[in-house]
Amino acid sequence: MSAGIHATSVIATKRDGAPLTTEQIEWVIDAYTRGDVVPEQMSALLMAIVLRGMERREIDDWTRAMIASGTRMNFSGLRRGGEVLATVDKHSTGGVGDKITLPLAPVVASFGVAVPQLSGRGLGHTGGTLDKLESIPGWRADLSTRQIRDQLERVGAVICAAGADLAPADRKLYALRDVTGTVESVPLIASSIMSKKIAEGTDALVLDVKVGSGAFLPDEALARQLAETMVSLGVDAGVRTTALLTDMDNPLGRTAGNALEVAESLEVLAGGGPADVVELTLALAREMLDAAGLPDADPATALADGSAMDRWRAMIVAQGGDPDVPLPRAAHTDEVAAPESGFVHRIDARAVGDAAWLLGAGRSRPGEPVQAEAGVVLHAKPGDRVCAGSPLYTLCTQTPERFDAARAALEGATVIAPDPPPDTRPIVLDRVRFE
């Protein structure tokens, strides 16, 4: 133990509003990872951080300590055809219907950029990328570092689970925060995300920070603070980092649920799909291509000429999946009808996410199984005209006893008015970048 540092003194320092020293942070992260600081003590420290906050230097130290708790990946030297491949990743803070990673990775990879997309599973109302892809028969999420490198060189894109040795301190802290009411903290969220992304070893990173009812942080000021903090952490670590603040008041696209979102992503890759999903995919792709040194590349061409779909199929096959096998479909469906005629002004993203979760698309605790078939299909989007009695949502599940709870979650979720809505706010609200 470092002289004069112990768990109680670290907790008391933050409890009383003082900044933690670099030595205190390094000690407590290491000691908790090794098990010398017990969960009760770390829970107290996390709550003190939520209530007292952290200075910018503390957040940087906390992030560095979590990176140091495990190994760092290194994608330098990736080559295809004798050319060195730039690596660029994207991270979303999570939302309802957010299937953007699925079409985005092959779009960017089709321009000769390597996209190492280490993703996670869903918890609560936000879906997980790995859960969605696992609805494809045979597809596997767990790859070795060697397999990741080989796939990046051959295919250009990989979407897989992060290894257990990548920022293991964050893995332990994340699980603890989830059960102690200490999730909603900008310092803790920023350091959690960026410790994994910096340890991943990518050259560049684009962040999709969601704002609105279905987002992790519904408040725009807090979401902006999170974006600015993460961008500065990335830049300080030598990673070219940009963030887009994007709308999550309404669900993205017309589906929320695992296999349903894969099917919608395939529509985008085929040159169709919902306008909002296409718009955000292209906006993030432009940011990623710019970060990879291709500022003039037009990602829309990859959707139009089929090259993105080719990369998608190669990526799925490389990870054991069969892109030609039909996706699973729910055995039971139910419809929610419009209570009145008029124009849709708003759809509460959180309510749709909760309904999909209640139908079996999400989980209440880590490790809980999910239904690939479950979810919600939206038949109307803001601006659409609906008639009383026409379907607003189709609910999908393998377990029909879940319908009542899902219908209750959607009660009042759709705002309908006699007149068309005013101009809806854009998908991309702002861009955060520090030169």
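Parameters at a glance
Residues numbered from 1 in each chain as written. Predicted model: local features only at pLDDT ≥ 70, side-chain atom pairs only at ≥ 80, totals over all residues. Heavy atoms only, no water. Helix = DSSP H or I, 4+ residues; strand = E, 2+ residues; numbered from the N terminus. Rg over C-alpha atoms; globule rule 2.2 N^0.38 Å. Buried < 20%, exposed > 50% of the residue type's maximum accessible area, 1.4 Å probe, protein only. Contact = heavy atoms within 4.5 Å. Lys, Arg positive; Asp, Glu negative; His and termini not counted. Charge placed at Lys NZ, Arg CZ, Asp CG, Glu CD. Polar contact = N/O pair within 3.5 Å; in protein donor to acceptor, adjacent residues only side chain to side chain. Core = buried A, V, L, I, M, F, W, Y, C linked by side-chain atoms within 4.5 Å. Domains from an automatic or database assignment. Salt bridge = Lys/Arg side-chain N within 4 Å of Asp/Glu carboxyl O. Pairing = 2+ DSSP bridges. Axes fitted to C-alpha atoms, helices over the stretch in contact; angles between N-to-C directions. Phe/Tyr/Trp six-rings, centres within 6.5 Å; stacked < 30°, edge-to-face > 60°. Lys NZ or Arg CZ within 6 Å of the ring centre and 35° of its normal. Buried area = accessible area lost by both parts, 1.4 Å probe.

### Considering the overall build of the chain
So, step 1. Helix and strand counts for the chain stand at 16 helices and 15 strands.
So, step 2. Relative to the compact-globule value of 22 Å for 435 residues, the chain shows a C-alpha radius of gyration of 22 Å, a close match.
So, step 3. In the chain, which comprises 435 residues, the share counted as buried stands at 54%.
So, step 4. Within the chain, contacts between residues at least 6 apart in sequence are counted, and of these 79% link residues at least 24 apart.
So, step 5. Between the averaged position of the 42 positive side-chain charges in the chain and that of its 59 negative side-chain charges there is a distance of 4 Å.

### Considerations on the side chain of Q319
So, step 1. Position of Q319 relative to the elements: it lies in the loop between α14 (307-318) and β9 (332-337).
So, step 2. A distance of 2.9 Å separates a polar atom in the side chain of Q319 from a polar atom in the side chain of Q151.

### Some points on the nonpolar core
So, step 1. Counting 75 residues, the largest nonpolar core has V108, W312, V352, V376, Y393 and L395 as its most contacted members.
So, step 2. When residues in this core are grouped by element, the largest group, 10 residues, is from helix α12 (residues 275-291).
So, step 3. Composition of this core by domain shows at least three residues from each of domain 2 (79-325) and domain 3 (332-417).
So, step 4. Counting 60 residues, the second-largest nonpolar core is a separate cluster that includes I11, Y32, M66 and L207.

### Some thoughts on the side chain of S135
So, step 1. On the secondary structure map, S135 appears in the loop between α6 (129-133) and α7 (145-154).
So, step 2. At 2.6 Å, the side chain of S135 forms a polar contact with the backbone oxygen of K132.
So, step 3. Sequence-distant contacts of S135, that is, excluding residues within four places in its chain, are made with N258, A259, V262, L327, P328 and A372.

### A look at the pattern of salt bridges
So, step 1. Scanning the model with the defined rule gives 28 salt bridges in all.
So, step 2. The closest approach of N and O atoms between E261 and K132, which form a salt bridge, is 3.0 Å. On the criterion of sequence distance, the pair formed by E261 in helix α11 (residues 258-269) and K132 in helix α6 is long-range, its members being 129 residues apart.
So, step 3. The structure contains a network of salt bridges with shared partners spanning E220, R224, D247, D249, R346, R425 and D430.

### Here's the deal with the environment of C160
So, step 1. Among the secondary structure elements, C160 is positioned in strand β5 (residues 157-161).
So, step 2. Once the C-alpha coordinates of C160 and N258 are considered, the two residues, 98 residues apart in sequence, prove to be 16 Å apart.
So, step 3. Leaving out residues up to four positions away in the same chain, C160 has contacts with Q117, L118, S119, L130, A141, L143, I148 and Q319.

### Digging into the sheet that holds β9
So, step 1. Spatially, β8-β11-β13-β9 is the arrangement adopted by the 4 strands of the open sheet, whose pairing is antiparallel. Two strands close off the open sheet at either side, each with one partner strand: β8 (255-257) and β9. Strand after strand, the sheet turns through a mean of 15 degrees between neighbouring axes, direction not considered.
So, step 2. Note that β8 and strand β11 (residues 375-378) share 3 bridges and pair antiparallel. Residue pairing in the sheet places G257 in a bridge with G375 of β11.
So, step 3. Set on the sheet, α11 makes contact with β8, β11 and β13 (391-397); between it and β8 the angle comes to about 135 degrees.

### Things to note about the environment of E279
So, step 1. Secondary-structure assignment places E279 in helix α12.
So, step 2. Using a relative accessible area of 40% as the deciding quantity, one classes E279 as partly exposed.
So, step 3. Sequence-wise, E279 and P426 are 147 residues apart; in three dimensions their C-alpha atoms are separated by 10.0 Å.

### Quick notes on helix α5 (residues 101-109)
So, step 1. Judged by how many residues are buried, α5 sits mostly within the fold: 9 of 9 residues are covered.
So, step 2. Of all the positions in α5, only T101, L102, P103, L104, A105, P106, V107, V108 and A109 are classed as buried.

### Brief notes about the packing of aromatic side chains
So, step 1. Per the counting criterion, the structure on display carries 0 aromatic pairs.
So, step 2. Above the ring of Y32, the side-chain terminus of K172 is found at 4.3 Å from the ring centroid.
So, step 3. Between the NZ or CZ atom of R385 and the centre of the ring of F343, over which it lies, the distance is 5.9 Å.

### Here we look at the domain arrangement of the chain
So, step 1. Assigned domains within the chain: domain 1 (7-53), domain 2 (79-325) and domain 3 (332-417).
So, step 2. The C-alpha centroid of domain 2 is placed 31 Å from the C-alpha centroid of domain 1.
So, step 3. Contacts between domain 1 and domain 2 engage 11 residues on the former and 11 residues on the latter.
So, step 4. The junction of domain 1 with domain 2 conceals about 1000 Å² of combined surface from both sides, 79% of it contributed by carbon and sulfur atoms.
So, step 5. Three residues, Y32, L46 and V50, lead the burial of domain 1 against domain 2; their summed loss comes to 49% of the area buried on that side.
So, step 6. On inspection of domain 1 and its partner domain 2, the count reaches 1 residue pair in polar contact (both at pLDDT 80 or more).
So, step 7. Where the side of domain 1 that touches domain 2 is concerned, the elements lending two or more residues are α2 (22-34) and α3 (39-52).

### Remarks on the sheet that holds strand β10 (residues 342-347)
Note: strands within a sheet are paired through backbone hydrogen bonds, in either parallel or antiparallel orientation.
So, step 1. Spatially, 3 strands are ordered β12-β10-β14 in an open sheet, and the strand pairing comes out antiparallel. Each edge of the sheet is formed by a strand with only one pairing partner; in this case those strands are β12 (385-386) and β14 (414-417).
So, step 2. Across 4 bridges, the pairing between β10 and β14 is antiparallel. Note on β14: the bridge partner recorded for V344 is I416.

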